[in-house]
Amino acid sequence: MSYKILNTRAPRVDAVDKVTGKAQYTDDLSRPGMLYCAILHSPIAHGKILNIDTSKAQKLPGVRAIITGKETGDIMFGVSPARYDETILCIDKVRYVGDEVAAVAATDIDSALEAVSLIEVDYDELPPVLDGLRAMEEGVPQIHEKYRRNICAQVHWNFGDVKGVEAEADYIRTDKLTTKMQDGAFLEPQSILAEYDATGRLTMYSSTQAPHYIQRTLAMALKIPLERVRVIKPAVGGGFGPKASCSTAELVCCKLSILTGKPVKMTFDREQVFLHSRARHQFFHTMTTGVKKDGTLLFLKHHCILDGGAYASFGIATVYYAGSLLGGPYRLKNMDYDGYRVVTNKPACGAQRGHGAVHARALFETQLDRIADELGLDPLEMRLRNVMETGETTCNELYMSSLGMRECLEAVRDDTGWAEIGKRKTTSQSKTKKVSRAIEKSASSSTGNGKARGIGVACGFFVSGAGYPIYRSQTYHATVVIRISEVGGFVIVESGAADIGQGSDTVLAMITAEVLGIPLKDVKVRSGDSDLSVDLGAYSSRTTLMTGSACKEAAEDCRSQILNAVANRLKIQVDDLYICDALVKSRKGEVDFRSIRDEFLQEHKGFTDTPDAVSLTFREAARIAFIERGSIVGTGKYKPPKLGGSFKGATVGTSPAFGCSAQIAEVEVDLETGEVTVLKVTGAHDCGFAINRTQVEGQMQGSISMGLGEALMEEIMYDRCGNVLNTNLAEYKIPTSLDMPPLQSLIVETIEPNGPFGAKEVGEGAIMPTIPAILNAIRNATGVQITELPATPERIVMELRKLKG
């Protein structure tokens, strides 16, 4: 099917504002009489609060209010209602360096910061728990009374019959992978502006991903009726997950605004971004996989411990995702999973791109390569032997309504010439071969200057939106309202969806323009405001499928009203009419619409832009519809069908659709220094249908960039007291433009039946193969098997030394 707007490279609707500096971010906002907020953070990782003395700070000129846990109260909040474990400010205990103890509102930021420095707190310091592997041991200090042995959540799943098929396996292998906590490294720090007006209504502007969830948390924690809280998301400079939950900063700004009657603003510095965190967990994965000698997968046993820092945040979902998304994209009938999410005295972790599944996928995909080598199989062909197809169901009851995994693998294989390169670079590291063979192999593939090149492949699999909201509810996941201008010719789309840079406003505008048959320039999107509509937010790669479906329905509603009004005026069948190129046309030839044209011209005497087209214009049709019916307002809604299996925790990991991807990475490794240069990454992603081809490619490239950073350089470092050592973007390394290799983005379209026009996710799934593809390429080049991320030059050199004995 051909489209006028969709599946093109239409420019983003916010492009001009962003490149010219006109886009308004939260930190750009200001209000008369505005106060500035500063927060007092705990200097210790674990301790009891004995006393807080704010008297000196209260006397400082410019200070208007100071709050502690005494003023904010003991109402618990968090992400999942089952794991609410945070108070707005600490009351009797601090649980990490950076925990929020008090907040100040003052007439300027310098006074606010000085006041914070004058607050005196007496602590009874307790031994910190900083090792996620040891957090569950008996005798280790308990961080929360409610979490025995510091276990915040645990999952135990048994699908199929792992024990029964173990004896059938020709080869069984166990591998481990340890990762580090990692930061989202978005360029815009969190920023908040709260206003409490004279009518008792609270409005908060925030650089958030989820206005809907933030609205609910503010209302609950501050004891304000939900309908009297409004959350607005201005332009956002990246989110990637850590901005998806309500922060103490948002809550204290609102509380201070309520107390003072003044607008209150706060913008994090970079250190506070790291201290608030809510980013990537640390993972300790162990996997045992059994296969037949032809590479057919028989079973997977997976054990995982997640170090989630001081509070639950998204952790209960993270530990489920770490297991559930290994059910695909391969035929795996037997799988056991034991996952533990523990708390430690570090900044709390939450959701980050690829939520919970990224490093589990990294270990599984690297293990598949090692198995292929042991069996003498091509790793790409072994994957093709095991991939699922459309219409199949995973062992944990996830249904593949569309799945282009085979097509993705074939696309990257053909584009890179894998068959030829793979033969030249095959690595065989069987147990019977001496380690020295790996070094010989490295030398033989050397470029002649002490460097070796390698190639690696991996696959990925992710949801197109979570099947259920975070809180138990039958709510719609997205509603959209579309208003047709009463003068005709212009369309306004209203949505609560959060465009955080991924381009969802452009997607909604394109869908609307396509359905209504009008130019993209005639559509204006207003979004990110909890007053406009219900939308659960930008997380779990949900917006295109879910909000896009609601938008399509709303646009179709508008189109139906307009065409019915025209058909009624002309006394013809509405089914004969359609809109294309902003003209109303008939499938049965020319229609006499002079009565409508004459009425429109009579209304617009003296105007110079009156229509003279042979066909009736959309502008005229929309005006007639208003005259016939009043305001033309279309509404759309989306809620997934009932999803999930029959086991405990079956709702986590469910989705109306699943995306998949394959990538091939080519690297060069300096055998002396261990430095890795990624030469090229070729990726293919099944997005169902590309609403905007440029944006799909951009999401793929952004995922690869983040994956490259997590594979090779990103790592939050702590000292023995729980202090973060690298709280800036100079010492927390992320890829720059100089680190990025050429990227080839291949779009695979399988037309998802549950998505608008066949579209599904691309925002997060494309990060899944990047880390393992790079690790497999490093091993192909050097023989080095990475068991700890990131794969820094130091770690690679140490592994090379081990290979040399």
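Before reading further, recall that the structure is shown in the block above.
Read on for a plain summary of the structure. (Residues numbered from 1 in each chain as written. Predicted model: local features only at pLDDT ≥ 70, side-chain atom pairs only at ≥ 80, totals over all residues. Heavy atoms only, no water.)

**A closer look at the pattern of salt bridges**
In plain terms, the rule: Note on definitions: salt bridges are taken to be side-chain nitrogens of Lys or Arg within 4 Å of carboxyl oxygens of Asp or Glu. Put simply, DSSP marks the helices as runs of H or I at least four residues long and the strands as runs of E at least two long, and each gets a number from the N terminus on. Exposure is judged per residue with a 1.4 Å probe applied to protein chains only, and the accessible area is read against the type maximum: over 50% gives exposed, under 20% gives buried, and values in between give partly exposed.
Across all of its chains, the model carries 49 salt bridges by this definition. Here Arg 31 and Glu 195 are joined by a salt bridge, their closest N and O atoms 3.2 Å apart. Remark: Glu 195 occurs in strand β9 (residues 191-196) and Arg 31 occurs in the loop between α1 (15-20) and β1 (35-41); sequence separation between them is 164 residues. When its relative accessible area of 22% is taken as the criterion, Glu 195 is described as partly exposed.

**Let's talk about the packing of helix α17 (residues 594-603) against helix α18 (residues 618-629)**
Definition in use: Note on method: axes are straight lines fitted to C-alpha atoms, helices fitted across the in-contact stretch only, with angles between N-to-C directions ranging 0 to 180 degrees. Comment on the angle field: the value is read as roughly parallel under 35 degrees, roughly antiparallel over 145, roughly perpendicular from 65 to 115, and oblique elsewhere. We call two residues in contact when some of their heavy atoms are within 4.5 Å. Residue classes follow a fixed rule: Ala, Val, Leu, Ile, Met, Phe, Trp, Tyr, Cys and Pro count as nonpolar, while Asp, Glu, Lys and Arg count as charged, and any other residue, Gly among them, counts as polar.
In the contact formed by α17 and α18, the axes pass within 10 Å of each other and the chain directions differ by 85°. Between α17 and α18, the crossing angle belongs to the class labelled roughly perpendicular. The residues of α18 that touch α17, namely those facing Ile 596, Arg 597, Glu 599, Phe 600 and Glu 603, are Arg 619, Glu 620, Arg 623, Ile 624 and Ile 627. When grouped by side-chain class, the residues that make up the contact of α17 with α18 number four nonpolar, no polar and six charged.

**A look at the environment of Lys 255**
Along the chain, the position of Lys 255 falls in helix α7 (residues 248-260). In the structure, Lys 255 is positioned 61 residues away from Ala 194 in sequence and 8.7 Å away in space, judged by C-alpha atoms. Not counting residues within four places of it along the chain, the set of residues in contact with Lys 255 comprises Ile 67, Glu 71, Thr 72 and Leu 222.

**What about the pairing of strand β10 (residues 202-206)?**
Quick reminder of the rule: Two strands are counted as paired when DSSP detects at least two bridges linking them.
Extensive coverage of β10 is indicated by the burial of five of its five residues. Residue alternation in β10 divides its side chains into two sets, Leu 202, Met 204 and Ser 206 and Thr 203 and Tyr 205, and both sets are buried. For β9 and β10, the ladder comprises five bridges, and the chain directions are antiparallel. Paired with Glu 195 across the bridge in β10 is Thr 203. If you look at the hairpin formed by β9 and β10, you'll find five residues sitting between the two strands, and Gly 200 has a positive phi there, around 85°. Relative to strand β11 (residues 229-232), β10 is paired through four bridges, and the arrangement is parallel.

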